[in-house]
Amino acid sequence: QDIALRHQRLRERLGTSLTRVTVLAVPAMVVLIAFGAELITLILKTGQFDQDSTRRVAEVTRIYGFALLANAAVRLFATTFFALGETRLPASYAVLRVVASTLLALLLMPYYGVVGVVLGAMAAGWLEALLLGLALGRRIAGLGLRQQPLGRIALLTAITVALPLALRWLLPTELGASWWGALLLLSAVALAFAASAAGLRLLDLRSLRRRGASKPS
């Protein structure tokens, strides 16, 4: 009975943590896919880093975006295993991830170059997340997935991306491809996310500010 109660508490905590991670990771994933070029323009497009370089790096960034949720889930699942006193299984899956990533990179690199390497890393990340999730779900009889407000997270993601996409469509082509255009669009992304997350009660901005203020300097 004590073990069952402990597993129930772990499921509840894991479900809460998964909700927080999903609220951040899913919109961020879609933003990287939709606005990868703008992000690279804002951060890197200076000097010899031209439009062609931006396009190539944006391709890689979009693929990495697909792995955001998997990487976050791996961290949560592994931490939960550690709380159970199990360290060998997460370590073995981490090794499997490295092996799978390397093999996939070797297979894909001749055809896709560096994009193939990133595809291999992304696929291996999801493989590790799925294996850890299945193993942990069997261990504690679930992952707390019923706590996930999937509808609200989907709506949050749609609003976060849809409004800036509409703004990009309205901007003149030259401005949209410029550094200032990238800054404008990504600022719209941030504002849309913050407003909709607060409105949908998925993120308490005041709580985040209090946490940041309470940290020792």
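Right above here is the structure, for reference.
The structure reproduced in this document is the subject of the present report. On a predicted model such as this, the values are computed, not experimentally measured, just so you know.

Ranked by size, the top nonpolar core spans 17 residues in total, and within it Leu14, Phe77, Leu132, Leu136 and Ile140 carry the most contacts. Looking at this core, the elements that each hand over two or more residues are α1 (2-44), α3 (68-83) and α5 (114-140). Counting residues per element, this core draws most heavily on α3, at six residues. Once you skip the residues sitting within four places of it in the chain, Leu132 turns out to touch Val74, Phe77, Phe81, Pro90 and Tyr93. Membership of the second largest hydrophobic core comes to nine residues, among which are Val26, Ala197, Leu200 and Leu203.

Here the focus is the side chain of Gln148. Within the element layout of this structure, Gln148 appears in the loop between α5 and α6 (150-170). Among the polar contacts made by the side chain of Gln148, one reaches the main-chain carbonyl oxygen of Gly15 at a distance of 2.9 Å. If we ignore the near neighbours within four places in the chain, the residues touching Gln148 are Gly15, Leu18, Thr19 and Thr22.

To continue, consider the side chain of Glu38. Along the chain, Glu38 falls in helix α1. Its relative accessible area of 8% is what places Glu38 among the buried residues. Those residues in contact with Glu38 that lie beyond four places of it in its chain are Arg168, Ala182, Leu185 and Leu186.

Relative orientation of the contacting elements α1 and helix α8 (residues 179-199) amounts to 170 degrees, with a least axis distance of 9 Å. On the basis of the axis angle, α1 is roughly antiparallel to α8. The residues of α8 that touch α1, namely those facing Val23, Leu24, Pro27, Val31, Phe35, Glu38, Leu39, Thr41 and Leu42, are Trp179, Ala182, Leu183, Leu185, Leu186, Val189 and Phe193. In terms of residue class, the contact of α1 with α8 is built from 14 nonpolar, one polar and one charged.

Inspection of every chain in the model, using the stated rule, returns five salt bridges. As a salt-bridge pair, Arg168 and Glu38 come within 3.0 Å of each other at their nearest N and O atoms. Taken as a pair, Arg168 in helix α6 and Glu38 in helix α1 lie far apart in primary sequence, 130 residues in all. Owing to a relative accessible area of 29%, Arg168 belongs among the partly exposed residues under this scheme. Of the charged contacts, one joins Glu128 and Arg97 as a salt bridge, the two residues approaching to 2.8 Å between their closest N and O atoms. Placement of the pair is Glu128 in helix α5 and Arg97 in helix α4 (residues 88-112), with a sequence separation of 31 residues.

By the element assignment, His7 lies in helix α1. Sequence separation of His7 and Gly137 is 130 residues, and the distance between their C-alpha atoms is 10 Å.

What counts and how
Residues numbered from 1 in each chain as written. Predicted model: local features only at pLDDT ≥ 70, side-chain atom pairs only at ≥ 80, totals over all residues. Heavy atoms only, no water. Core = buried A, V, L, I, M, F, W, Y, C linked by side-chain atoms within 4.5 Å. Buried < 20%, exposed > 50% of the residue type's maximum accessible area, 1.4 Å probe, protein only. Helix = DSSP H or I, 4+ residues; strand = E, 2+ residues; numbered from the N terminus. Contact = heavy atoms within 4.5 Å. Polar contact = N/O pair within 3.5 Å; in protein donor to acceptor, adjacent residues only side chain to side chain. Axes fitted to C-alpha atoms, helices over the stretch in contact; angles between N-to-C directions. Parallel < 35°, antiparallel > 145°, perpendicular 65-115°, else oblique. Nonpolar A, V, L, I, M, F, W, Y, C, P; charged D, E, K, R; others polar. Salt bridge = Lys/Arg side-chain N within 4 Å of Asp/Glu carboxyl O.

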